[in-house]
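Spelled out from the first residue to the last, the chains are:
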Amino acid sequence: MSATPVIRMPAENEGVTLRGHPMVFLVTGKDTRHTSMFDWTIAPGFATGLHVHRVQEETFYMLEGECEWRVGDQVVRATPGTFLFVPPGVAHNIANVGAGPARVLMTVSPPGHEHYFEKLAALAARGGHADAAAVGELRARYDTDQLSALTAKS
């Protein structure tokens, strides 16, 4: 963990590519003990599938595009300026329902979820459909209980 401020200029961004779109790691567990932050570009049609975290809390702030969140019993049509906080134990799904990419500023506390995204990107980079068992094991290792298919929109 760093004891110095973190300043990231656009040309210096670190991160991964998911479904052909960037997820930029703005701050991670190597920088702080309290949270991680990502600038996530979500491919059209992509959905996380309904899932729940036992420990992690997440925030999302829509920058561009249109997503549909299912959070507990609520369905939220998120457009730029929409903010969501998802505490541990609340089932949720994020689906890009727009025609183009969506962009979300996302935090995960405590930090460390960047390792999940690194490993997920590596699985996806192998081409074809990622092995469902491998994705399930990865999610379980990173505090994610999957409740529906990864690409389901509800």
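Residues numbered from 1 in each chain as written. Predicted model: local features only at pLDDT ≥ 70, side-chain atom pairs only at ≥ 80, totals over all residues. Heavy atoms only, no water.

Draft legend 1. Quick peek at the environment of P111. The topology assignment puts P111 in the loop between β10 (102-109) and α1 (113-124). Along the chain, P111 and R33 lie 78 residues apart, while their C-alpha atoms are 6.6 Å from each other. Aside from chain neighbours lying at most four places away, what touches P111 is T28, G29, T32, R33, H34, T35 and S36. (Helix = DSSP H or I, 4+ residues; strand = E, 2+ residues; numbered from the N terminus. Contact = heavy atoms within 4.5 Å.)

Draft legend 2. Structural view of unusual backbone geometry. Backbone torsion omega between S109 and P110 reads -5°, so that peptide bond is classified as cis. Note that P110 resides in the loop between β10 and α1. One non-glycine residue with positive phi stands out, namely D143, at about 60°. Counting through the fold element by element, D143 comes out in the loop between α2 (132-141) and β11 (145-146). Judged by its relative accessible area of 10%, D143 falls in the buried class. (Buried < 20%, exposed > 50% of the residue type's maximum accessible area, 1.4 Å probe, protein only.)

Draft legend 3. Here's a closer look at the packing of α1 against α2. Remark: α1 packs on α2, axes separated minimally by 10 Å, with the N-to-C direction vectors making an angle of 175°. Put simply, α1 runs roughly antiparallel to α2. Residues Y116, K119, L120 and L123 of α1 form the contact with α2, whose own contacting residues are A134, V135, L138, R139 and R141. Tallied by class, residues from the contact of α1 with α2 come to six nonpolar, no polar and three charged. (Axes fitted to C-alpha atoms, helices over the stretch in contact; angles between N-to-C directions. Parallel < 35°, antiparallel > 145°, perpendicular 65-115°, else oblique. Nonpolar A, V, L, I, M, F, W, Y, C, P; charged D, E, K, R; others polar.)

Draft legend 4. Structural detail: the sheet that holds strand β1 (residues 14-18). Strand order in the open sheet formed by six strands is β1-β2-β3-β10-β5-β8, with antiparallel pairing between adjacent strands. Each end of this open sheet is capped by a strand with a single partner; those strands are β1 and β8 (83-86). Neighbouring strand axes in the sheet, compared pairwise and without regard to direction, differ in orientation by 20° on average. α1 contacts β1, β2 (21-27), β3 (36-42) and β10 of the sheet and is inclined by roughly 45° relative to β1. (Pairing = 2+ DSSP bridges.)

Draft legend 5. Geometry of a nonpolar patch on the surface. A cluster of nonpolar side chains, contributed by Y61, F83 and F85, occupies part of the molecular surface with about 320 Å² of accessible area. If you trace the backbone, F85 turns up in strand β8. (Patch = residues over 30% accessible without salt bridge, like charges linked within 9 Å, V, L, I, M, F, W, Y side chains within 5 Å. Areas by Shrake-Rupley, 256 points an atom, 1.4 Å probe, with all protein chains shown as cover. Salt bridge = Lys/Arg side-chain N within 4 Å of Asp/Glu carboxyl O.)

Draft legend 6. Local environment of the packing of aromatic side chains. Counted according to the given criterion, the structure contains six aromatic pairs. Relative to F117, the ring of F38 has its centre 5.3 Å away and its plane inclined at 75°; by these criteria the two rings are edge-to-face. Highlighted residues: F38 in strand β3 and F117 in helix α1, separated in sequence by 79 residues. Here the two residues F38 and F117 agree in accessibility, since each one is buried. Their ring planes at 55° and their centres at 6.2 Å tell us that Y116 and Y142 sit as a pair that is tilted. Taken together, the residues span a long stretch of sequence, with Y116 in helix α1 and Y142 in the loop between α2 and β11 at a distance of 26 residues. Both residues of the pair, Y116 and Y142, belong to the buried class. Feature note: the residues F25, F38, Y116, F117 and Y142 constitute an aromatic cluster, connected by ring pairs. (Phe/Tyr/Trp six-rings, centres within 6.5 Å; stacked < 30°, edge-to-face > 60°.)

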